[in-house]
Amino acid sequence: MVSLYIKSIFVYQNDIIMGINKPYHRNYRAFIESDNSGFSSWAYICDHEYAISPEYYTRSFLIIQKDIQNLFEYIEPSDINLKTYSYRIHELYMRVCIEVEANFKAIFKENIYSKDEKKWNINDYKKINKTHHLDAYKAIFPIWDGVHNEFSPFKVWETNGILSWYRDYNLCKHDRHTQKYLANLENLLNAFTALFILLTSQFNRESFSPGTTLISCRTGAEYYPDEFGIGDYLIVKFPENWGDNEKYDFNWSTLQNEQNKFQKIDYNIL
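Criteria and cut-off values
- Residues numbered from 1 in each chain as written.
- Predicted model: local features only at pLDDT ≥ 70, side-chain atom pairs only at ≥ 80, totals over all residues.
- Heavy atoms only, no water.
- Helix = DSSP H or I, 4+ residues; strand = E, 2+ residues; numbered from the N terminus.
- Buried < 20%, exposed > 50% of the residue type's maximum accessible area, 1.4 Å probe, protein only.
- Contact = heavy atoms within 4.5 Å.
- Phe/Tyr/Trp six-rings, centres within 6.5 Å; stacked < 30°, edge-to-face > 60°.
- Lys NZ or Arg CZ within 6 Å of the ring centre and 35° of its normal.
- Expected span 1.5 Å × (residues − 1).
- Polar contact = N/O pair within 3.5 Å; in protein donor to acceptor, adjacent residues only side chain to side chain.
- Pairing = 2+ DSSP bridges.

Draft legend 1. Region of the structure containing the overall build of the protein. Counting its secondary structure elements, the protein contains nine helices and five strands. In the protein, which comprises 270 residues, the share counted as buried stands at 49%. Residue pairs at least 24 apart in sequence account for 78% of intrachain contacts in the protein once pairs closer than 6 positions are excluded.

Draft legend 2. Here's a closer look at the packing of aromatic side chains. Counting across every chain of the model gives 38 aromatic pairs. Here Phe61 and Phe192 contribute two aromatic rings whose centre-to-centre distance is 5.4 Å and whose plane-to-plane angle is 10°, an arrangement assigned as stacked. With a gap of 131 residues between them, Phe61 in helix 2 (residues 54–71) and Phe192 in helix 8 (residues 185–203) connect regions that are remote in the sequence. On the numbers, 5.9 Å between centres and 90° between planes, the contact of Tyr224 with Phe228 is edge-to-face. Here a set of aromatic residues connected by ring pairs shows up, and it is made of Tyr93, Phe104, Phe108, Tyr113, Trp120, Tyr125, Phe154, Trp157, Trp165, Tyr166, Tyr169 and Tyr267. Sitting above the plane of the Tyr57 ring, Arg26 keeps its charged end 4.5 Å from the centroid. For the cation-ring pair, Arg29 lies above Tyr248, with the distance from its terminal atom to the ring centre recorded as 5.5 Å.

Draft legend 3. Summary view of unusual backbone geometry. In this structure, His133 takes a positive phi of about 55° despite not being glycine. Mapped onto the elements, His133 comes out in the loop between helix 5 (127–132) and strand 3 (138–140). The phi dihedral of Asp232 falls on the positive side, at around 55°, and the residue is not glycine. Within the secondary structure layout, Asp232 lies in the loop between helix 8 and strand 5 (235–237). Take Asp232: its relative accessible area is 64%, and that puts it in the exposed class.

Draft legend 4. Helix 3 (residues 87–109), seen in detail. Relative to the 33 Å expected for 23 residues at 1.5 Å per residue, helix 3 spans 33 Å between its end C-alpha atoms, a close match to the ideal helical length. The residue sitting at the N-terminus of helix 3 and contributing the capping side-chain oxygen is Ser86; that oxygen lies 3.4 Å from the backbone nitrogen of Arg88.

Draft legend 5. Seen up close, the sheet that holds strand 3. Spatially, the three strands line up as an open sheet ordered 4-3-5, and their pairing is antiparallel. Either end of the sheet is taken by a strand with one partner, and the two such strands are strand 4 (150–151) and strand 5. By the bridge criterion, three bridges tie strand 3 to strand 5 in an arrangement that is antiparallel. Note that in strand 5 the partner of Ala139 across the bridge is Val236.

In short, geometric facts, not functional conclusions.
The following block contains the structure:
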């Protein structure tokens, strides 16, 4: 059954698949291959009407990423250190989770959700998984000692589970003294990769950093053959479970000239 929030229903007619004909605000997703789909699949993200001040969200992430990398100068990213906890980790953990919440709220605000913002909680934010496929993303630390360098912080939402790293954030936020061990490296990195995935699900690899956009190509001989995401540090694995009815299908070269080139997701009916 096609989800109610999808306004463009796909059909097979003369071997043509029709997907969603206008992008949603703050919602990056797979694209149906067609003429101009290469350009159309990313160019809409850079339109100023797509998101409000996206550079402030990506800039905050990039600052946090620098602090994570600085932490790695003292605590090696490795399996054996995942349960290491400290006040520095606690500080970073709080900042990252606050930023996760800020991104969830931004998605709601720029689409449609009528519930009082003061009452929003993680059960509300879970609705965003249906539109952004957060549970199907993976983030990988390229430099790691051990085998647990791949993180899927929203994976449990696939089966309606509880985000343990977010639960622990609230526990050690309200009772730091007795719950300080929850501010450990594993929880921090789950939160950090959750933020990375949230941003990727909105903006792909676009960081909105000042300067000229450069085009690069792969030679096939890179040490890290996978694709890096925002900030060029974490490797990202994109969802592969988009149905054709969920994919974007529009020609941005034409659509960008229209007055109403974006549409809103109605989260009230999800």
